[in-house]
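This is what each chain is made of:
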Amino acid sequence: MKNFANEPFTNFALSENAEAIKSAIAQVRQELGKTYPLYIGEETIYNDDLIISTNPANENEIIGKVAKANLAQAEQAIETAYATFKSWSKVEAEERAIYLFKAAERMRQRKHYFSAWLILESGKNWAEADADTAEAIDFMNFYAHEMLRYANPPELIPVNGEYNKMKYVPLGVGVVIPPWNFPLAIMAGMTVASVVTGNTVVLKPASATPVIAAKFMELLQEVGLPSGVVNYLPGSGGAIGDYLVSHKLTRFINFTGSKEVGLRISELAAKVAPGQKWIKRVAAEMGGKDSIIVDETADLDKAAQGIVASAFGFQGQKCSACSRAIVVESVYEEVIEKVLALASKLAMGLPEENFSTGPVIEKRAMEKILEYIEIGKTEGTLVLGGERFGNQGWFVRPTIFKDIAPTARISLEEIFGPVLALIKVKDFAEALAVVNNTEYGLTGSLYSRNRENIAQAKEEFNVGNLYFNRKCTGALVGVHPFGGFNMSGTCSKAGGYDYLGLLMQMKITSETLG
Ligand code: NAP
């Protein structure tokens, strides 16, 4: 794509950059604990009922308090989005794109400020937070450029006596439901893609990270996005989610999160509400159980680095995280040794002090991960970690099990934490069979120097994003359009050329000339 370049990552080894992020964190600390309203149309609404967002590294530190919407406010938000659609859908594509370009530019100018919120609210270290902010900037620029392209679709095949034209038109009201693990990038990406295409939305942020979403709303207001285009409606997924999804005026749902919630949304959205005039569209990007295969020809040092980075980056809380390393037996012991050598050096501590590994998002998540660790102890041999770290914040030590059977629970179920299962296989053929034995199909990676194995993996390793001789995390907007197969979702490929098409429909006009 012309004119688009990915936002570069910040090099924190340079002292001026390290100082800049530290001072952004200090600035954000001054702003902690504020109360944020709902934004519905022109109204800012403060509720007594609040979501209290806390720092996962220190549960006593309140990041912010956010109004928690009730059903009447959910109704108001949908109706406001519906009313605003009439005007917003008529705004020229270029005008809509300019709002995104402006927001991207302003976020770039205050990049570390946004990253600092991510560090304190979601527990990302400097580099992970920086990558999240960079991806948000990329999504805004990429989708803005994409809208300009979609606004000038290719010409149709000419036919004598007719003038025919195709045009993409928006769908209507969308409900945007992001997860907490990329609380800026995915939240912003799903929102701006939905509105640059001429739709209006109700944005229900994840309850663990609503403040960063409020900061994003402030940015949209700053660039003058008309009120009612994005309606900010924090609230419990369980309490208002079903209502928003089932509403007769909801035209589409743009969801990223767990398989369980994605399937529920898909099922509810399929039911036609009284008075509903359309079939709802659902983009549901869901969980993963991502594998790295290492064969006997691989560069084992590189493989170990890739496994450790993919398994423990952001504490394994990425849908793309490597939770299974499948290693052929001739190099199995050597790979374990190298993985352990690297993983045991990962320093654990406060994200704001930029430790390699930090906390998991919340107490419930920590408890679920610790339960899986207990299950792992009955399914294989614990070789690293296996316990909580400290008693403040929600820290779980990087944990590795070896000799896990391919059908073990910790081999098949998404844990979403710093837990890696090592699986020994006879050969590459068996490795391929194991990678495809889960219900998911999101990312994966093969470390190999064997061209035949690489070619076979391209055909048979059944995931939406497959990498070779590199880690299985770290997709870049436009470079690695992202989305999975099977129970990993509808494969909408965020950051790809087809994405905006999912949020519009094509109208053909055909005029007789004679
Ligand atoms: P989650 O529990 O499914 O929640 C995701 C969102 O859904 C949250 O905003 C949540 O709100 C909302 N929600 C919950 N119940 C709902 C309902 N009945 N109706 C409507 N919305 C509802 O997932 P998460 O824990 O935030 O995120 C982690 C999951 O996301 C993992 O499975 C991960 O693999 C997946 N993920 C996938 C991708 C991908 O591209 N495939 C990317 C990132 C993450 P509350 O917060 O209020 O519960």
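Provided above is the structure to which this section pertains.
Residues numbered from 1 in each chain as written. Predicted model: local features only at pLDDT ≥ 70, side-chain atom pairs only at ≥ 80, totals over all residues. Heavy atoms only, no water.

(A) A look at the overall build of the protein. Within the protein one finds 15 helices and 21 strands. By the compact-globule yardstick of 24 Å for 514 residues, the protein fits well, its C-alpha radius of gyration being 23 Å. By its C-alpha atoms, the protein is 75 × 60 × 50 Å across when sized along the principal axes. For the protein, restricting intrachain contacts to residue pairs at least 6 apart in sequence, the fraction spanning at least 24 positions comes to 77%. Element-wise, carbon and sulfur atoms account for 51% of the exposed surface of the protein, whose accessible area totals about 20,800 Å². The positive charge centre, built from 51 side chains, and the negative charge centre, built from 59, are 3 Å apart in the protein. (Helix = DSSP H or I, 4+ residues; strand = E, 2+ residues; numbered from the N terminus. Rg over C-alpha atoms; globule rule 2.2 N^0.38 Å. Contact = heavy atoms within 4.5 Å. Areas by Shrake-Rupley, 256 points an atom, 1.4 Å probe, with all protein chains shown as cover. Lys, Arg positive; Asp, Glu negative; His and termini not counted. Charge placed at Lys NZ, Arg CZ, Asp CG, Glu CD.)

(B) Molecular detail of unusual backbone geometry. Although it is not a glycine, Asn354 sits at a positive phi angle of roughly 65°. Examined against the element boundaries, Asn354 turns out to sit in the loop between α11 (329–343) and α12 (363–379). Notably, Asn469 is not glycine yet its phi reads approximately 55°, a positive angle. Note on placement: Asn469 falls in the loop between β19 (465–468) and β20 (485–486).

(C) Representation of the pairing of strand β18 (residues 443–447) in the model. The element β18 is extensively covered by neighbouring structure, given that five of its five residues are classed as buried. Here β18 shows two buried faces, one formed by Thr443, Ser445 and Tyr447 and the other by Gly444 and Leu446. Following the chain from β18 across helix α15 (residues 451–460) to the adjacent parallel β19, one finds a crossover that is right-handed. (Buried < 20%, exposed > 50% of the residue type's maximum accessible area, 1.4 Å probe, protein only. Right-handed = clockwise from strand over helix to strand, strands pointing away.)

(D) Representation of the sheet that holds strand β4 (residues 50–55) in the model. Ordered in space as β1-β5-β4, the three strands form an open sheet in which the pairing is mixed. Edge positions in the sheet fall to β1 (34–36) and β4, since each has one partner strand and no second. Direction aside, the axes of adjacent strands within the sheet are offset by 35° on average. By the bridge criterion, six bridges tie β4 to strand β5 (residues 58–67) in an arrangement that is antiparallel. Directly across from Thr54, in β5, lies its bridge partner Ile62. (Pairing = 2+ DSSP bridges. Axes fitted to C-alpha atoms, helices over the stretch in contact; angles between N-to-C directions.)

(E) Structural context of the pattern of salt bridges. With the rule as written, the count across this model stands at 23 salt bridges. Taken together, the shared-partner salt bridges in this structure form one network comprising Glu7, Glu105, Arg108 and Lys111. (Salt bridge = Lys/Arg side-chain N within 4 Å of Asp/Glu carboxyl O.)

(F) Layout of the site of the ligand. Taken together, 32 residues lie around the ligand, and Ser207, Gly237, Ser258, Met286 and Glu414 are the ones closest in. Between the ligand and the protein, one listed contact pairs an oxygen atom with a backbone N or O atom of Pro178 at 2.9 Å. Note that an oxygen atom of the ligand is positioned 3.2 Å from one of the backbone N or O atoms of Gly257. When the ligand is considered free in solution it has 910 Å² of accessible area, and contact with the protein chains removes 87% of it. Contributing elements (two or more residues each) for the shell around the ligand: α8 (237–246), β10 (250–256) and α9 (259–270). Take the shell around the ligand: its biggest share by element is four residues, from α8. Among the residues forming the shell around the ligand, the class breakdown is 15 nonpolar, 12 polar and five charged. (Near = heavy atom within 4 Å. Polar contact = N/O pair within 3.5 Å; in protein donor to acceptor, adjacent residues only side chain to side chain. Nonpolar A, V, L, I, M, F, W, Y, C, P; charged D, E, K, R; others polar.)

(G) Layout of the pairing of β10. Along β10, seven of the seven residues are buried, which leaves the element largely enclosed by surrounding structure. Examined bridge by bridge, strand β7 (residues 173–177) and β10 share five bridges and lie parallel to one another. Within β10, the residue paired with Ile177 across the bridge is Phe255. In this structure, β10 lies alongside strand β11 (residues 281–285), joined through five bridges in parallel fashion. Opposite Asn254, over in β11, you have Ala283 as the bridge partner. Each parallel crossover has a hand, and for β10 linked through α9 to β11 it is right-handed.

(H) Structural view of a negative patch on the surface. Taken together, the side chains of Glu333, Glu334, Glu337 and Asp403 present a region of like negative charge at the surface. On the secondary structure map, Asp403 appears in the loop between β15 (399–402) and α13 (409–412). (Patch = residues over 30% accessible without salt bridge, like charges linked within 9 Å, V, L, I, M, F, W, Y side chains within 5 Å.)

(I) Local environment of helix α1 (residues 15–30). Helix length check: α1 (16 residues) gives 23 Å between terminal C-alpha atoms against 22 Å at 1.5 Å per residue, within 8%. Among the residues making up α1, those that are buried are Asn17, Ala18, Ile21, Ala24, Ile25 and Val28. The buried residues of α1 occupy an angular sector of 125° when projected down its axis, which confines them to one face. Along α1, the residues that are exposed and aim more than 90 degrees away from the buried face are Ser15, Glu16 and Gln30. (Expected span 1.5 Å × (residues − 1). Arc of directions from axis to C-beta.)

(J) View of the sheet that holds strand β12 (residues 290–294). Reading across the sheet, the seven strands line up as β14-β15-β16-β13-β12-β18-β19 and stay open at both edges, with mixed pairing between neighbours. The sheet terminates laterally at β14 (381–384) and β19, the two strands that pair on one side only. Mean inter-strand twist for the sheet, computed between neighbouring axes without regard to direction, equals 20°. Sheet contacts for helix α10 (residues 300–312): β12, β13 (322–328), β15, β16 (419–425) and β18; angle to β12, the most-contacted strand, approximately 170°.

(K) The arrangement of the environment of Gly238 in detail. In this structure, Gly238 sits in helix α8. For Gly238, a relative accessible area of 64% translates into the label exposed.

(L) Quick look at helix α14 (residues 428–435). Those residues of α14 not exposed but buried are Phe428, Ala431, Leu432, Val434 and Val435. All buried residues of α14 lie within an arc of 160° about the axis, which places them on one face of the element.

(M) Inspection of the packing of aromatic side chains at higher detail. For the coordinates displayed, the defined rule picks out 14 aromatic pairs. Taking the centre distance of 5.5 Å and the plane angle of 10° together, the rings of Phe139 and Tyr143 count as stacked. Placement of the pair is Phe139 and Tyr143 together in helix α5 (residues 126–150), with a separation of four residues, close to one helical turn. Comparing Phe139 with Tyr143, the two get one shared label, buried. Here Phe389 and Phe395 contribute two aromatic rings whose centre-to-centre distance is 5.8 Å and whose plane-to-plane angle is 65°, an arrangement assigned as edge-to-face. Judged by relative accessible area, which is 26%, Phe389 ranks as partly exposed. A cation sits over an aromatic face here: Arg149 above Tyr150, 4.9 Å from the ring centre. (Phe/Tyr/Trp six-rings, centres within 6.5 Å; stacked < 30°, edge-to-face > 60°. Lys NZ or Arg CZ within 6 Å of the ring centre and 35° of its normal.)

Geometric values such as these leave the question of function open.
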